[in-house]
Amino acid sequence: MALPLVVDAWGFHRFVALRFCIAAAILAVGLRGVAVRASAVAQAWAVFLVVLTTSAMLAPDAWPALLGDPVRMMGVLGWLLIAGAWALGNARPDVSLATYTSVLVWAATASCAIAIGQWMTGAARPSGSMGNPIFLGALVCLALPVALDLARSEWTYRGAALVMTLALVLSQARGAT
């Protein structure tokens, strides 16, 4: 989730190929020498990716289905990156759940802070670093409950929850909630 902040902090170009290249490089470095543990989830990912790739190859216009475009969003390449991110997270048992939840909350808060800045500079429906107000709303719907739970024990997460709530309201992302 921090990837959009690296490539396009203001969220002007949501389908930048550089995002995928950076994600692929991060995954390549992170997954180097890592063996994915066999599990039902890993098998489900494998089946899903095979079906997805097969259907993309049989599509009338296979290249956009494989690589993605602004209409189809991310294509098979995007799903491969998501599967790689899952594999990387799954292969790191030394990282605690608290670390993952903290990263989720602060990455979402950063994107929401960008959205507030966009609104302050005249954007009618800010999108933060997500590229679309509805995507920002979906991110907030994922991260806000986690931030509220963490806010019970650490006061800094209260500020994060407030920033996320304000960004959700400003984005007018009704469909995400």
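Because the structure is a prediction, the values reported are computed rather than measured.

Engineer: Explain the packing of aromatic side chains here, please?
Structural biologist: The geometry of two aromatic rings is summed up by the distance between their centres and the angle between their planes. In the structure shown here, the tally under the stated rule is four aromatic pairs. Here W45 and W79 contribute two aromatic rings whose centre-to-centre distance is 6.4 Å and whose plane-to-plane angle is 50°, an arrangement assigned as tilted. Linking W45 in helix α3 (residues 40-57) with W79 in helix α5 (residues 75-90), this pair joins segments that are 34 residues apart in sequence. Judged by relative accessible area, which is 30%, W79 ranks as partly exposed. The rings of W45, F48 and W79 are connected pair by pair, giving a single aromatic cluster.

Engineer: For this particular structure, what's the right way to read the pattern of salt bridges?
Structural biologist: Where charged atoms from two side chains of opposite charge approach closely, those side chains can pair. The tally for this structure, following the rule as stated, stands at one salt bridge. One salt bridge in this structure joins D149 and R152, with 2.6 Å as the shortest N-O distance. Accessibility expressed as a relative area gives 39% for D149, which makes it partly exposed. The exposed category is assigned to R152, whose relative accessible area is 66%.

Engineer: Mind showing me how you'd approach the packing of helix α6 (residues 97-120) against helix α8 (residues 156-171) here?
Structural biologist: Helix-helix packing is described using two parameters, namely the angle between the two axes and the distance between the axes. It is at 8 Å that the axes of α6 and α8 come closest, and there the two elements cross at 45°. For the element pair α6 / α8, the angle class is oblique. For α6 against α8, the interelement crossing comes out left-handed. Contact residues: α6 offers S102, V105, W106, A108, T109, C112, A113, A115, I116 and W119, while α8 offers T156, Y157, A160, V163, M164, L166, A167 and L170. Grouping the amino acids of the contact of α6 with α8 by side-chain chemistry returns 15 nonpolar, three polar and no charged.

About the thresholds
- Residues numbered from 1 in each chain as written.
- Predicted model: local features only at pLDDT ≥ 70, side-chain atom pairs only at ≥ 80, totals over all residues.
- Heavy atoms only, no water.
- Phe/Tyr/Trp six-rings, centres within 6.5 Å; stacked < 30°, edge-to-face > 60°.
- Helix = DSSP H or I, 4+ residues; strand = E, 2+ residues; numbered from the N terminus.
- Buried < 20%, exposed > 50% of the residue type's maximum accessible area, 1.4 Å probe, protein only.
- Salt bridge = Lys/Arg side-chain N within 4 Å of Asp/Glu carboxyl O.
- Axes fitted to C-alpha atoms, helices over the stretch in contact; angles between N-to-C directions.
- Parallel < 35°, antiparallel > 145°, perpendicular 65-115°, else oblique.
- Left-handed = near helix turned anticlockwise from the far one by under 90°.
- Contact = heavy atoms within 4.5 Å.
- Nonpolar A, V, L, I, M, F, W, Y, C, P; charged D, E, K, R; others polar.

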